[in-house]
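# Structure assessment
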Amino acid sequence: MRQRLSSEPDRYRGRRRVPTPPRSRYAAVVTSAFVGAGVVALGAASNLPDSKTVNPDILQSLDKTSQVATDALQSRSDDAGRASRSESRDTAAKAGARIDEAVAASEVYLLPLDDYEFTSAFGVRFGKLHAGIDLAAPDGTPYKAVHAGTVTAAGYNGGYGYSITVRQDDGTEIIYAHSRRLLVSKGDVVKAGQVIGEVGNSGYSYGTHLHLEVHVDGKPTDPITFLREHQVDIKLQMESVYAGMAAAAAS
């Protein structure tokens, strides 16, 4: 170990080494510091003004902020209510449209065949009343209900052969005769345009055709005149555009 020369300055002369306090004492010092800071903070807090003496401008500002929030919440609630009412109106409108379509479909009249040849009119023939009209078509051609109604008869019926009778809500009856095959039964409810049978040559018939007969108030009526009143022309093989649209919407 080197000896310090007497000429070297004594940098440590007059100084005392402060011993490092034990860890327990160090912790106590730190804790005391925090406690002291807390006391100071509490003292400062004790000098805060009481809530009753808060500046009125500050309270007014808080009231305005609260009112803005309340107005915003009310506006959001009103918007939700309007949206809900709008959705309800849309739902009601759609339901009304479906009801209108159903009503239109229940009122529509259509041609019984897509393609046919008009061969015989309503009137006296061979000294007897031919109570309907004849529409020739190939054997097995499907035919459709002219109008909505309930099937009151479906089966073999003497000179009519295999025939179907559909009764409408107003009591009008439409008969489809000389069928090859029937596709509905008594009691069935049918729609306009629904396939209910196939063209045939059963009963008193002179070739494959559909015999179409209309009874109003229990009396035979010329189907040509009756259907024209409902925008369907058998001879021109035409039906109203509206009728076709209503039937398509209901199907």
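Residues numbered from 1 in each chain as written. Predicted model: local features only at pLDDT ≥ 70, side-chain atom pairs only at ≥ 80, totals over all residues. Heavy atoms only, no water.

The next subject is the overall build of the chain. In terms of helices and strands, the chain carries 4 helices and 14 strands. When the 251 residues of the chain are sorted by exposure, 28% land in the buried category. Per element, the accessible surface of the chain, about 17300 Å² overall, is 55% carbon and sulfur. (Helix = DSSP H or I, 4+ residues; strand = E, 2+ residues; numbered from the N terminus. Buried < 20%, exposed > 50% of the residue type's maximum accessible area, 1.4 Å probe, protein only. Areas by Shrake-Rupley, 256 points an atom, 1.4 Å probe, with all protein chains shown as cover.)

So, on to the environment of Val-216. Here Val-216 shows up in strand S11 (residues 209–216). When sequence neighbours within four positions are dropped, the list of residues in contact with Val-216 reads Thr-172, Thr-221 and Phe-226. (Contact = heavy atoms within 4.5 Å.)

On the surface, a cluster of negative charge is contributed by Glu-107, Asp-169, Asp-170 and Asp-217. For Asp-170, the position within the fold is in the loop between strand S7 (162–167) and strand S8 (173–182). (Patch = residues over 30% accessible without salt bridge, like charges linked within 9 Å, V, L, I, M, F, W, Y side chains within 5 Å. Salt bridge = Lys/Arg side-chain N within 4 Å of Asp/Glu carboxyl O. Lys, Arg positive; Asp, Glu negative; His and termini not counted. Charge placed at Lys NZ, Arg CZ, Asp CG, Glu CD.)

With that settled, consider the layout of surface pockets. Reported here for the largest pocket is a volume of approximately 540 Å³. Mapped onto the lining of the largest pocket, the elements with two or more residues apiece are strand S3 (128–130), strand S4 (132–136) and S11. Class assignment for the residues of the lining of the largest pocket results in 7 nonpolar, 9 polar and 4 charged. (1 Å grid on protein atoms, 1.4 Å probe; cavity = no way out; pocket = protein on both sides within 12 Å on 5 of 7 lines; lining within 4 Å. Points joined across faces, edges and corners; volume = space filled by probe spheres on them. Nonpolar A, V, L, I, M, F, W, Y, C, P; charged D, E, K, R; others polar.)

Summarising the element assignment, Glu-213 is placed in strand S11. One buried charged side chain, Glu-213, makes no salt bridge at all; its nearest oppositely charged neighbour is Arg-125, positioned 9.3 Å away. Dropping the residues within four chain positions of it, Glu-213 is found in contact with Ala-131, Gly-132, Tyr-160, Glu-173, Ile-174, Ile-175 and Pro-223.

Our next topic: unusual backbone geometry. Positive phi outside glycine occurs at Phe-126, with the angle close to 55°. A relative accessible area of 77% places Phe-126 in the exposed class. Phi is positive for Gln-231, close to 65°, though the residue is something other than glycine. Mapping Gln-231 onto the fold places it in the loop between helix H3 (223–228) and strand S13 (232–233).

So, on to the side chain of Ser-179. In this structure, Ser-179 sits in strand S8. Separated by 2.5 Å, the side chains of Ser-179 and Tyr-143 make a polar contact. Setting aside anything within four residues of it in sequence, one finds Ser-179 in contact with Tyr-143, Tyr-162, Glu-198, Gly-200 and Ser-202. (Polar contact = N/O pair within 3.5 Å; in protein donor to acceptor, adjacent residues only side chain to side chain.)

With that settled, consider the pairing of S7. Judged from the 6 bridges that link them, strand S6 (residues 149–156) and S7 form a sheet pairing that is antiparallel. Bridging across to S7, Gly-155 finds its partner in Ser-163. Between S6 and S7, which pair antiparallel in sequence order, lie 5 residues; one of them, Gly-158, sits at a positive phi of approximately 55°. Bridging between S7 and S8 involves 5 bridges; their strand directions are antiparallel. Bridge pairing in S8 places Ile-164 opposite Tyr-176. (Pairing = 2+ DSSP bridges.)

With that settled, consider the packing of aromatic side chains. All chains considered together, the criterion is met by 3 aromatic pairs. Between Tyr-143 and Tyr-176, the aromatic rings sit 5.7 Å apart at their centres with planes inclined by 10°, giving stacked as the arrangement. You can see Tyr-143 sitting in strand S5 (residues 142–144) and its partner Tyr-176 sitting in strand S8, a full 33 residues away along the chain. Taken individually, Tyr-143 and Tyr-176 each receive the classification buried, so the pair is uniform in this respect. Judged by centre distance (5.0 Å) and plane angle (80°), the rings of Tyr-156 and Tyr-162 are edge-to-face. (Phe/Tyr/Trp six-rings, centres within 6.5 Å; stacked < 30°, edge-to-face > 60°.)

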